[in-house]
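A structural walkthrough
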Amino acid sequence: MAYLDHAATTPMLPEAVEAMTAQLTVVGNASSLHAAGRRARRTVEEARETLADALGARPSEVVLTSGGTEADNLAVKGLFWARRAADPARIRVLASPVEHHAVLDAVHWLGEHEGATIEYLPVDAYGRVHPEALRAAIERNPDDVALATVMWANNEIGTVMPIRQLADVAAEFDVPLHADAVQAFGQLPVDFGASGLAAMTVSGHKVGGPYGIGALLLGREYAPVPVLHGGGQERHVRSGTLDVPAVAAFAVAGRIAAERRDWFAREIGGLRDELIAAVRAAAPDAILGGDPAPAGPDTLGRLPANAHFTFPGCEGDSLLLLLDAQGIECSTGSACTAGVAQPSHVLLATGTDPDLARGTLRFSLGHTTTRADIEAVAKAIGPAVERARSAGLS
Amino acid sequence: MTEIPAAPQRRLRVLAAMSGGVDSAVAAARAAEAGHDVTGVHLALSANPQSFRTGARGCCTIEDSRDARRAADVIGIPFYVWDLADRFREDVVEDFVAEYEAGRTPNPCLRCNEKIKFAALLDKALALGFDAVATGHYAQVVTDADGNRELHRASDMAKDQSYVLGVLDDRQLAHAMFPLGDTVTTKDEIRAEAERRGLAVAKKPDSHDICFIADGDTQGFLANRLGRAEGDIVDESGTKLGTHEGAYGYTIGQRKGLRIGTPAPDGKPRYVLDISPVNNTVTVGPVEALDVTALTAIKPRWCGTAPAGPGTYTAQLRAHGGETPVSAELVDGTLHVTFDEPVRGVAPGQAIVLYDGTRVVGSATIATTGRATAAA
């Protein structure tokens, strides 16, 4: 079995499993005042400090959520509501068109139900938002911008965004910028404090932690209107009893992901390069999606674990089926809920022809990926592409 | 002395079409249990894949797709959703509308089997390396002594669905698998089998409707598509008896809903005898005038070689109809059929399927009917 869908979810690190199971049998609500509550609270706060440390943030800037989707919703809706409440003129939301659906659909919802004006920022052929594009969009009327949201790195095609420069532009106009850093955490140097972002989303199960836990990194001066109302936990921004075992495990996974980031970029990035070479050798007309350059100190490039291809004349679903039958697990893009494949909004935003956009495959590597996984792809991909092409586009 | 084991049945790569209903789920489970390498696929056929109807029946909803996926997970087979909505709209839905518009009565399930399940789906399956497409239809594919494939009625005549498969040709049959066809069983027993296999669809209601007409209101669907087109309802002599709001809303043999004020001279009920899209009239008359003794049918499709010369067969004229003896002959690509006994309510556009015993010989689309008067 070659599991190459780590961007969907990656196996939990043994250390995280250990931290989680150690907490599962311990009683204590972190909001309780007695000894059990204090003990739980200590576990949570230590985890918060660990996460803050791994992400270049202050502990008070870590707002724990049920995952990336919730953190994205809280950032987008909560900041919109708060900014509009402070000044009713602020109704414009600037978003990249290549965002994950957790952002994109939240933005869309604001447009449909909250009177927001949605403006999608232009991207280049790699799916990248340029700072000048953000500047131009804000300058059209700096006073009516509620927030901007641009992901740190794209989950489908791996392109890394110039977050620092985008944040600088936003800061010039006092516009809060949110970034979904779910894919970036563990793969790129993600330093919330240095980024200039107002808010940033991370998720547990993408970095070797458990499902159902994530965080919104939130600058202390921001008070988004809550999406979840209740007991007032998490700075009164996100109510709900904290999941102590998940929080503890997330912190362990986050710490290790940050510590191993150089190793990951080098080793897993190296395997990714081998995979790209192997696919190109077997299917010379395959088109690599996103920025082909590696991420580095001077280049934005692409995520080290991402390899995204378009195979002309093939249906991505057909390729997926053929590879799945041989134990190779990858994806056509990001997972789709209805099960009916639609051309990826990311590819369409980069100007890819809709028919071509149906023939995509995303391989995403992770901490358990081995050379044998790459060799399995190298062996299978050529015949699979040939066969899928003969099946054509239905 | 040890017994020489029988040669195992060839392990096939089977693509099981799973609608989300109980029959196709059990069919997929049986194919897997027989040792085949089975992959489930749900066909997304609705133009709007987001449609979600509570308690929906048919094959076009997210709920059905989930039910199918759930069944595949329990069976332990891979599962995919394939979007064939464009092909389905072109080949089945638009054909359905056009046929009604032309005053004919189509059977969309037949069309779907011919153009979608055993064409678009089968072709893609074969290209991807599958050997066969399995469905939950009740019918049997039998290979005769010479290796020719034959389509036969299901063991259980009450469940038989060979009529809607009568459009399949030899090549399509060669790659068709009907794991339920040899079952003499009641629906309750299939449900019990589903239950035993842990399939949650065991209790799901049957689908009877046309799957792309969500609420079962065919007239409403057609009216929406074709608009109002008022015309005359006339008797056999051409005398106007009333008006209609669209000739497509009528089916030959229909008695109810004619809304004619004046009763027939003999006081007997009147039936739709003819629909003429050209003058937009609906002709009604006495039940005897519905009697048909001959018909012609076009676009014949044979399950094997076309019969040479005239022959005698039994014919089935609708999905849940009985059999009737006929003589038939193919002349210049048109099938000429004579009934031994008059039959009633035969509408152009319907399929006639010819049988030789339980074997399906072929099918054709009814083009014209020959009517005997009461005196004939």
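Residues numbered from 1 in each chain as written. Chains lettered and ligands numbered in written order. Predicted model: local features only at pLDDT ≥ 70, side-chain atom pairs only at ≥ 80, totals over all residues.

- The name given to chain B in an unreviewed UniProt entry is tRNA-specific 2-thiouridylase MnmA, with the source organism recorded as Streptomyces luteolus.
- In the Sequence similarities (unreviewed entry) part of its UniProt record, chain B is described as follows: "Belongs to the MnmA/TRMU family."
- Recorded in UniProt for chain B, the comment headed Subcellular location (unreviewed entry) runs: "Cytoplasm". (UniProt positions renumbered as here; feature names shortened; annotations may be inferred.)

- The name an unreviewed UniProt entry assigns to chain A is Cysteine desulfurase family protein, from the organism Streptomyces luteolus.
- Checking UniProt for chain A, the heading Cofactor (unreviewed entry) contains the comment "pyridoxal 5'-phosphate".
- Under the Catalytic activity (unreviewed entry) heading, UniProt states for chain A: "(sulfur carrier)-H + L-cysteine = (sulfur carrier)-SH + L-alanine".

Things to note about the overall build of chain A
- Helices and strands together make up the secondary structure of chain A, namely twelve helices and twelve strands.
- Here the C-alpha atoms of chain A give a radius of gyration of 21 Å, agreeing with the 21 Å that 2.2 N^0.38 yields for 394 residues.
- Oriented by its inertia axes, the alpha-carbon framework of chain A measures out at about 65 × 55 × 40 Å.
- Per-residue burial for chain A yields a buried fraction of 55% across its 394 residues.
- By sequence separation, contacts in chain A at least 24 residues apart represent 74% of the contacts at least 6 residues apart. (Helix = DSSP H or I, 4+ residues; strand = E, 2+ residues; numbered from the N terminus. Rg over C-alpha atoms; globule rule 2.2 N^0.38 Å. Buried ≥ 20, exposed ≤ 12 C-beta atoms within 10 Å, placed from the backbone. Contact = placed C-beta atoms within 7 Å.)

Some words on the environment of B:T293
- Summarising the element assignment, B:T293 is placed in strand β12 (residues 292–302).
- Separated by 49 residues in sequence, B:T293 and B:P342 place their C-alpha atoms 4.8 Å apart.

Things to note about the sheet that holds strand β1 (residues 13–17) of chain B
Residues and elements named next belong to chain B.
- Strand order in this open sheet of five strands is β3-β2-β1-β4-β7, and the pairing throughout is parallel. Since the sheet does not close on itself, it has two edges, and those belong to β3 (79–83) and β7 (176–177), each with one partner.
- As defined by bridge partners, strand β4 (residues 132–134) adjoins β7 across two bridges and the pair is classed as parallel. Pairing of A134 across the sheet is with M177, part of β7. (Pairing = 2+ DSSP bridges.)

Brief notes about the nonpolar core
- Ranked by size, the top nonpolar core spans 229 residues in total, and within it A:L217, A:V247, B:A28 and B:V133 carry the most contacts.
- It is helix α8 (residues 244–259) of chain A that provides the largest number of residues to this core, a total of twelve residues.
- Residues contacting A:V247, with those up to four places away along its chain left out, are A:V44, A:A47, A:L64, A:I213 and A:L242. (Core = buried A, V, L, I, M, F, W, Y, C linked by C-beta atoms within 7 Å.)

What to know about the sheet that holds strand β9 (residues 287–288) of chain A
Residues and elements named next belong to chain A.
- Pairing is antiparallel across the open sheet formed by three strands, whose spatial order is β9-β10-β12. In the strand order of this sheet, the two ends are held by β9 and β12 (360–364), each with one partner.
- Pairing analysis gives two bridges linking β9 to strand β10 (residues 306–310), with the strands arranged antiparallel. Residue pairing for β10: L288 is matched across the bridge by F309.
- Each of β9, β10 and β12 is contacted by helix α9 (residues 261–282), which is oriented at about 15° to β10, the strand it contacts most. (Axes fitted to C-alpha atoms, helices over the stretch in contact; angles between N-to-C directions.)

A short note on the domain arrangement of chain B
- As assigned here, chain B comprises domain 1 (13–203), domain 2 (228–286) and domain 3 (291–371).
- One C-alpha centre belongs to domain 2 of chain B, the other to domain 3 of chain B; they are set 27 Å apart. (Domains from an automatic or database assignment.)

Side note on the packing of helix α10 (residues 316–324) of chain A against helix α12 (residues 371–391) of chain A
Residue and element names in this part refer to chain A.
- Put simply, α10 and α12 touch, their axes get as near as 9 Å, and they point 135° apart. Comparing their axes, α12 and α10 come out oblique. Note on packing geometry: the crossing formed by α10 with α12 is right-handed. Together, S318, L319, L322 and L323 of α10 and A380, A384, V385, R387, A388 and A391 of α12 make up the contact between the two elements.
- Classifying every residue of the contact of α10 with α12 by side-chain character gives eight nonpolar, one polar and one charged. (Parallel < 35°, antiparallel > 145°, perpendicular 65-115°, else oblique. Left-handed = near helix turned anticlockwise from the far one by under 90°. Nonpolar A, V, L, I, M, F, W, Y, C, P; charged D, E, K, R; others polar.)

Here's the deal with the UniProt feature "domain: tRNA-specific 2-thiouridylase MnmA-like central" (unreviewed entry) in chain B
- Feature annotation in UniProt places "domain: tRNA-specific 2-thiouridylase MnmA-like central" (unreviewed entry) on residues 220–285 of chain B, given in this structure's numbering.
- Taken end to end, residues 220–285 of chain B is 11% helix and 30% strand, and its first and last C-alpha atoms sit 25 Å apart.

Thoughts on the UniProt feature "active site" (unreviewed entry) in chain B
All names here are of chain B.
- The residues that UniProt annotates with the feature "active site" (unreviewed entry) are C112 and C211. On the basis of their most widely separated C-alpha atoms, the annotated residues across 100 residues gather in one place, lying no more than 10.7 Å apart.
- Mapped onto the fold, C112 is located in helix α4 (residues 108–127).
- Here C112 falls in the buried class, since 30 other C-beta atoms lie within 10 Å of it.
- If sequence neighbours within four positions are ignored, C112 has contacts with V92 and K117.

A short note on unusual backbone geometry
- For A:H236, which is not glycine, the phi dihedral falls at a positive 65°.
- Positioned with a positive phi, B:D332 is a non-glycine residue whose angle comes to about 50°.
- Position of B:D332 relative to the elements: it lies in the loop between β14 (323–331) and β15 (334–343).
- The class for B:D332 is exposed, based on 5 C-beta atoms found within 10 Å.

Observations regarding the environment of A:G214
All names here are of chain A.
- Mapped onto the fold, G214 is located in strand β8 (residues 214–218).
- Taking the C-alpha atoms as reference, G214 lies 5.5 Å from S66; in sequence the two are 148 residues apart.
- Beyond its immediate sequence surroundings of up to four residues, G214 is in contact with T65, S66, G67, G68, E70, A71, T201, V202, S203 and G204.

Thoughts on the packing of helix α3 (residues 85–101) of chain B against helix α8 (residues 218–226) of chain B
Residue and element names in this part refer to chain B.
- With their axes 11 Å apart at the nearest point, α3 and α8 run at an angle of 85° to one another. Considering the angle they form, α3 stands roughly perpendicular to α8. Facing V97, Y100 and E101 of α3, the residues of α8 in contact are L222, R225 and L226.
- When the residues that make up the contact of α3 with α8 are grouped by side-chain class, the tally is four nonpolar, no polar and two charged.

Focus: the pairing of strand β11 (residues 281–285) of chain B
Residue and element names in this part refer to chain B.
- The sheet contact formed by strand β8 (residues 231–234) and β11 spans two bridges and is parallel. What sits directly across from V234, in β11, is T283.
- Two strands pair when backbone bridges link them, and strand β10 (residues 271–276) and β11 are joined in this way by five bridges, in the antiparallel orientation. Bridge pairing links I275 to V282 in β11.
- The hairpin formed by β10 and β11 contains four residues between the paired strands, and N280 there has a positive phi angle of roughly 55°.

Concerning the environment of A:D53
- Following the sequence through the fold, A:D53 ends up in helix α2 (residues 35–55).
- Spatially, the C-alpha atom of A:D53 lies 33 Å from that of A:G289, the residues being 236 residues apart in sequence.

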